[in-house]
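Coordinate inspection notes
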Amino acid sequence: MLIVVRHGRTAANAAGLLQGRIDLDLDDHGKAQAAAIARALRTVDAVVTSPLRRARQTADAFGLAAKVDERWIELDYGEWDEVPVKGVPAEQWTAWRADPNFEPPGGESLVTLQERVEDACRELSEYAADRDIAVVTHVSPIKAAVSWALGVDAGVTWRMNVAQASISRIRIGPLGPVLVSFNETSHLDG
């Protein structure tokens, strides 16, 4: 099973800021979320993580040596990093939603992100066919992994909401990936 996990909360998440490549620590709430994720997934065989601190700190809660894989890093928002979502000009937001090839100023397109995440998913598929591997990552790579599992293009990502510290599961079978669950958060209820 390929288990994709969104990292715990940071101060930027709490403030509603776009958080692409900025490298922030988990806040106290995020650390508690990381512990809850690790408890819920205590039987995983391996952990892969984005190189950003918030993901690595979440991965550390598993108590396993996590492998860092750059392909799981968050979308590069370029000049929009640390900008409130409402601070993005409406016409640019509309253009971004309409075209998966759109790049935020100085950033990365959803299509480019989709390609790197699909490559990472394919690479992990053989391992995940008979073992559980947790990948601690971010909103956009999770959407890309789910899109890969469903066989749809990057444009569908605008129709998904990925909750903070959520878990999604992709079974790897003989006919390919199958989305088993999406956006699990019950482990956060205590």
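Heads up: these notes are all about the structure in this document. A quick note: this is a predicted structure, and the numbers were derived from the prediction, not measured.

Thoughts on the sheet that holds strand β1 (residues 2–6)
Pairing is mixed in the open sheet, where 6 strands are placed in the order β3-β2-β4-β1-β5-β6. In this open sheet, the two strands that pair with only one neighbour each are β3 (67–68) and β6 (176–184). Bridge count between strand β2 (residues 46–49) and strand β4 (residues 133–137): 4 bridges; the pairing is parallel. Considered in β4, the bridge of V48 is made with V135.

A look at the packing of aromatic side chains
Enumeration over the complete set of coordinates arrives at 7 aromatic pairs. With 6.0 Å between their ring centres and 85° between their planes, Y77 and W96 make a pair best called edge-to-face. With Y77 in the loop between β3 and α4 (90–98) and W96 in helix α4, the pair connects residues that are 19 residues apart, well separated along the chain. Aromatic pair W96 and F102: ring centres 6.4 Å apart, planes at 40°, arrangement tilted. An identical accessibility class is assigned to W96 and F102; each is buried. Pairwise contacts between aromatic rings join Y77, W80, W93, W96, F102 and W158 into one cluster. Here R131 stacks its cationic end above the ring of Y127, 3.8 Å away from the centre of that ring.

Notes on the pattern of salt bridges
Per the stated rule, a full pass over the model turns up 11 salt bridges. For the salt bridge of E108 with R116, the shortest nitrogen-to-oxygen distance reads 3.0 Å. Comparing E108 with R116, the two get one shared label, buried. Here R131 and D130 are joined by a salt bridge, their closest N and O atoms 3.2 Å apart. A relative accessible area of 34% means that R131 is categorised as partly exposed. Overlapping salt bridges bring together D69, R71, D119 and E123 as one network.

Digging into the layout of surface pockets
The rolling of a water-molecule-sized probe over the atoms marks out the regions of remaining empty space. Quantified by volume, the largest pocket comes out at close to 530 Å³. Lining the largest pocket are 27 residues, with L18, Y77, V85, V139 and K143 positioned closest to its centre. For the lining of the largest pocket, the secondary structure elements donating two or more residues are α4 and α6 (139–150).

Focus: the nonpolar core
Counting 35 residues, the largest nonpolar core has L2, W72 and W96 as the members making the most contacts within it. Secondary structure elements with two or more residues in this core: β1, β2, α5 (110–128), β4, α6 and β5 (167–173). Of all hydrophobic cores here, the second largest spans 14 residues; its members include I3, V5, L41 and F62.

Parameters and conventions
Residues numbered from 1 in each chain as written. Predicted model: local features only at pLDDT ≥ 70, side-chain atom pairs only at ≥ 80, totals over all residues. Heavy atoms only, no water. Pairing = 2+ DSSP bridges. Helix = DSSP H or I, 4+ residues; strand = E, 2+ residues; numbered from the N terminus. Phe/Tyr/Trp six-rings, centres within 6.5 Å; stacked < 30°, edge-to-face > 60°. Buried < 20%, exposed > 50% of the residue type's maximum accessible area, 1.4 Å probe, protein only. Lys NZ or Arg CZ within 6 Å of the ring centre and 35° of its normal. Salt bridge = Lys/Arg side-chain N within 4 Å of Asp/Glu carboxyl O. 1 Å grid on protein atoms, 1.4 Å probe; cavity = no way out; pocket = protein on both sides within 12 Å on 5 of 7 lines; lining within 4 Å. Points joined across faces, edges and corners; volume = space filled by probe spheres on them. Core = buried A, V, L, I, M, F, W, Y, C linked by side-chain atoms within 4.5 Å.

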